[in-house]
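The primary structure of each chain is shown beneath.
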Amino acid sequence: MASRRVLLPFLLAVMACASAVWSMSFVYGSSPSATPTTRSLRVSQHAVPVELGSSVATALEVTTAAWGANIALLVVPFTFLIQLYLQSERTKAERAELGYD
């Protein structure tokens, strides 16, 4: 039983360290230079004029659908995990009360 109590915090710590290392490499990783060196890069930066309204309106349309998906994909699994935890705690308490522990 002692190994079970140590295993979960250990796995959580490993996952936290791995995600911290990955996020730092993602944020601080190599990026292309800020100054365009070729003609195609300079042209591609000005390919769509601002007057067409392609930036903010399109971004908000995409974000609205993604917002709903994020809520659904977060609420359902977390609700399941919370219910699973509560049931396991109730079962542990019942077993301890009956002396099966």
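Criteria and thresholds
- Residues numbered from 1 in each chain as written.
- Predicted model: local features only at pLDDT ≥ 70, side-chain atom pairs only at ≥ 80, totals over all residues.
- Heavy atoms only, no water.
- Helix = DSSP H or I, 4+ residues; strand = E, 2+ residues; numbered from the N terminus.
- Buried < 20%, exposed > 50% of the residue type's maximum accessible area, 1.4 Å probe, protein only.
- Areas by Shrake-Rupley, 256 points an atom, 1.4 Å probe, with all protein chains shown as cover.
- pLDDT = per-residue confidence, 0-100.
- Salt bridge = Lys/Arg side-chain N within 4 Å of Asp/Glu carboxyl O.
- Patch = residues over 30% accessible without salt bridge, like charges linked within 9 Å, V, L, I, M, F, W, Y side chains within 5 Å.

Undergrad: Can you explain the overall build of the protein chain? Please cite residues and give values.
TA: From N to C terminus, the protein chain includes three helices and zero strands. In the protein chain, the order of α-helices and β-strands from amino to carboxyl end is α-α-α. Scored against the burial criterion, the 101 residues of the protein chain give a buried share of 0%. Carbon and sulfur atoms form 69% of the exposed surface of the protein chain, whose accessible area is close to 9,600 Å².

Undergrad: Which residues make up the confidence of the model for the protein chain, and what are the values?
TA: Per-residue pLDDT for the protein chain has a mean of 75; in total, 55% of the residues score no lower than 70. Mean pLDDT across the elements of the protein chain bottoms out in helix α2 (residues 39–45) (57) and peaks in helix α3 (residues 56–98) (88).

Undergrad: Which residues make up the pattern of salt bridges, and what values go with them?
TA: What the rule picks out here adds up to one salt bridge. Lys92 is paired through a salt bridge with Glu89; the nearest N and O atoms lie 3.4 Å apart. Within this pair, Lys92 and its partner Glu89 are both found in helix α3, separated by three residues, close to a single helical turn.

Undergrad: Before we move on, can you summarise a nonpolar patch on the surface with the specific residues and values?
TA: Nonpolar side chains collect at one region of the surface, where Leu74, Phe78, Phe80, Leu81, Ile82, Leu84, Tyr85 and Leu86 lie side by side and expose about 840 Å² of accessible area between them. Tracing the backbone through its elements, the reader meets Leu74 in helix α3. The class for Leu74 is partly exposed, based on a relative accessible area of 47%.

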